[in-house]
Amino acid sequence: MKIGVIGGGAWGTALASVAARDGEPVLLWAREPDVVEAINAGHENPLFLPGIALPASIRATGELSLSAACDALLVVVPTQFVRAILAETPVGSAPLVLCAKGMEAGTRLLVSEVAHQVRPEAAIAVLSGPTFAHEVAAGQPTAVTLACADEAIGQQLADRLASPTFRPYASNDVIGAEIGGAVKNVLAIACGVVEGAGLGQNARAALIARGFAEMTRFGLARGARAETLAGLSGLGDLVLTCSSTSSRNFSLGVGLGQGHAARDLLADRRTVAEGAFTAPVLREAAMEARVDMPVTEAVCALLDGADVRDVVEALLARPLTREHR
Ligand SMILES: NC(=O)C1=CN([C@@H]2O[C@H](COP(=O)(O)OP(=O)(O)OC[C@H]3O[C@@H](n4cnc5c(N)ncnc54)[C@H](O)[C@@H]3O)[C@@H](O)[C@H]2O)C=CC1
Ligand SMILES: O=C(CO)COP(=O)(O)O
């Protein structure tokens, strides 16, 4: 199965490295000519994944048309670009493995729903879980959820991508796998705020638990299964992203918690903090589904420029309620 990877950021590069581990040829489409050049000439992606040696069997290209020769395509561009890239990519009969974590602005769709609109004929899988790209590319042990409604295709993809240090766990809950990854990025911003504002470790643990309750309420309303939300792509990724400055979303939150303005923190970023784009979309989707998401609302307020102390005060002043509703 020849794998093509669409997107040469940190995660696309790390996944290309996973797929190329035994000398298998992998095609990697990158938008930046510098990235294409550096991968082909020096087997490194100094822009997005510096300091990691890549397998020589990865061939980078700037030509999307070459993906027509692939048997499966890993789609790893940030969420807001998935629709445009998929429209341009020749897909043929290749299954699409969606690896971005977020919701599309305007439509409020999950990435699989966008892919289904643009490529209704393609089999769709979602790969998601606690996966910092630099650790995966360095061969450190990692486990992910690989969800596909067609379980035979899902198993083929899992077998192809698995290695002694990369363990895909099969699932058929595509929506559930996506909701965990989309929501945890917003919650990671909130946990970063707790860190940046010096609110303490009790507050962070409370936020992870109440954030998980929020993720679960929203997920169940959108048709996710509870066990998927409690698995690698939900709780697993939430715990990872809420506890490390390696996370771009958590780091963005640290800056907000220290009182910096979101627009300054987001200006001129080359790398993506998906939670900043997903938060307002998630707030709208939650209102539409009549799901209470106070942490998400607080993150939206901070991204809109509200004062940290006011937002924290308002969260803590909410009426006391039952832990389980
Ligand atoms: N970095 C990580 O550790 C992980 C990232 N992800 C997800 O993977 C997705 C991609 O993130 P990263 O690879 O980390 O990106 P990155 O932050 O390393 O790089 C930014 C990417 O955005 C692309 N880009 C910028 N403008 C674009 C445009 N107009 N059209 C198409 N692409 C454009 C760049 O070419 C580059 O590939 C995100 O949804 C992220 O949440 C998922 C798991 C782990
Ligand atoms: O999704 C990730 C880890 O699973 C990466 O998190 P960040 O995008 O916050 O860096």
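Here the structure is a predicted model, which is why all the values come from computation and not from measurement.

Visitor: What am I meant to see in empty space enclosed by the protein here?
Guide: Rolled over the atoms, a probe sized like a water molecule indicates the empty space that remains. Here the structure, examined in full by the defined rule, presents 1 cavity of 30 Å³ or more. A volume near 40 Å³ is recorded for the largest cavity. Elements with a minimum of two residues in the lining of the largest cavity: strand 6 (124-128) and helix 7 (174-196). For the lining of the largest cavity, the residue count by class is 4 nonpolar, 2 polar and 2 charged.

Visitor: What's the story with the UniProt feature "domain: Glycerol-3-phosphate dehydrogenase NAD-dependent C-terminal" (unreviewed entry) in the chain in this structure? I'm lost.
Guide: UniProt records the feature "domain: Glycerol-3-phosphate dehydrogenase NAD-dependent C-terminal" (unreviewed entry) for residues 173-308 in the present numbering. What you have in residues 173-308 is 73% helix and 0% strand, and the ends, taken at the C-alpha atoms, are 37 Å apart.

Visitor: Explain the layout of surface pockets to me, please; I cannot follow it from the model alone.
Guide: Estimated volume of the largest pocket: approximately 1,200 Å³. As for the largest pocket, its lining consists of 45 residues, of which A10, P78, R248, T271 and V272 are closest to the centre. Breaking the lining of the largest pocket down by element, the ones donating at least two residues are helix 1 (10-19), helix 3 (79-88), helix 5 (133-137), helix 7, helix 10 (232-241), helix 11 (248-257) and helix 13 (274-288). Among the elements that make up the lining of the largest pocket, the one with the highest residue count is helix 3 (4 residues). A breakdown of the residues in the lining of the largest pocket according to their chemical character gives 23 nonpolar, 13 polar and 9 charged. There is about 630 Å³ of room inside the second largest pocket. L207, R210, V295, L315 and L316 are, among the 24 residues lining the second largest pocket, the residues nearest its centre. Looking at the lining of the second largest pocket, the elements that each hand over two or more residues are helix 7, helix 8 (201-221), helix 14 (294-303) and helix 15 (308-316). Tallying contributions element by element places helix 8 first for the lining of the second largest pocket, with 6 residues.

Visitor: Looking at this model, I keep getting lost on helix 10. Mind explaining?
Guide: Helical geometry note: an α-helix holds 3.6 residues per turn, so side chains three or four residues apart project in the same direction. Within helix 10, the full set of buried residues consists of S233, G234, D237, L238 and T241. Buried residues along helix 10 cover an arc of 115° about the axis, so they all sit on one side. Elements that come into contact with the buried residues of helix 10 comprise strand 6, strand 7 (142-148), helix 7, helix 8, helix 9 (226-229) and helix 11.

Visitor: I would appreciate a short explanation of the pairing of strand 6 in the present structure.
Guide: For a regular strand, side-chain orientation follows a simple rule: the groups alternate between the two sheet faces. A large share of strand 6 lies buried, amounting to 5 of its 5 residues. What you see with strand 6 is no split at all: I124, V126 and S128 on one side and A125 and L127 on the other are buried throughout. Here 3 bridges tie strand 5 (residues 96-98) to strand 6, and the two strands are oriented parallel to one another. Looking at strand 6, one finds that L98 is bridged to V126. Taking the sense of rotation as the criterion, the β-α-β connection linking strand 5, helix 4 (residues 111-118) and strand 6 turns out right-handed. Here strand 6 pairs with strand 7 via 4 bridges, running antiparallel. Across the sheet, residue A125 finds its bridge partner in strand 7, namely C148.

Conventions we followed
Residues numbered from 1 in each chain as written. Chains lettered and ligands numbered in written order. Predicted model: local features only at pLDDT ≥ 70, side-chain atom pairs only at ≥ 80, totals over all residues. Heavy atoms only, no water. 1 Å grid on protein atoms, 1.4 Å probe; cavity = no way out; pocket = protein on both sides within 12 Å on 5 of 7 lines; lining within 4 Å. Points joined across faces, edges and corners; volume = space filled by probe spheres on them. Helix = DSSP H or I, 4+ residues; strand = E, 2+ residues; numbered from the N terminus. Nonpolar A, V, L, I, M, F, W, Y, C, P; charged D, E, K, R; others polar. UniProt positions renumbered as here; feature names shortened; annotations may be inferred. Buried < 20%, exposed > 50% of the residue type's maximum accessible area, 1.4 Å probe, protein only. Arc of directions from axis to C-beta. Contact = heavy atoms within 4.5 Å. Pairing = 2+ DSSP bridges. Right-handed = clockwise from strand over helix to strand, strands pointing away.

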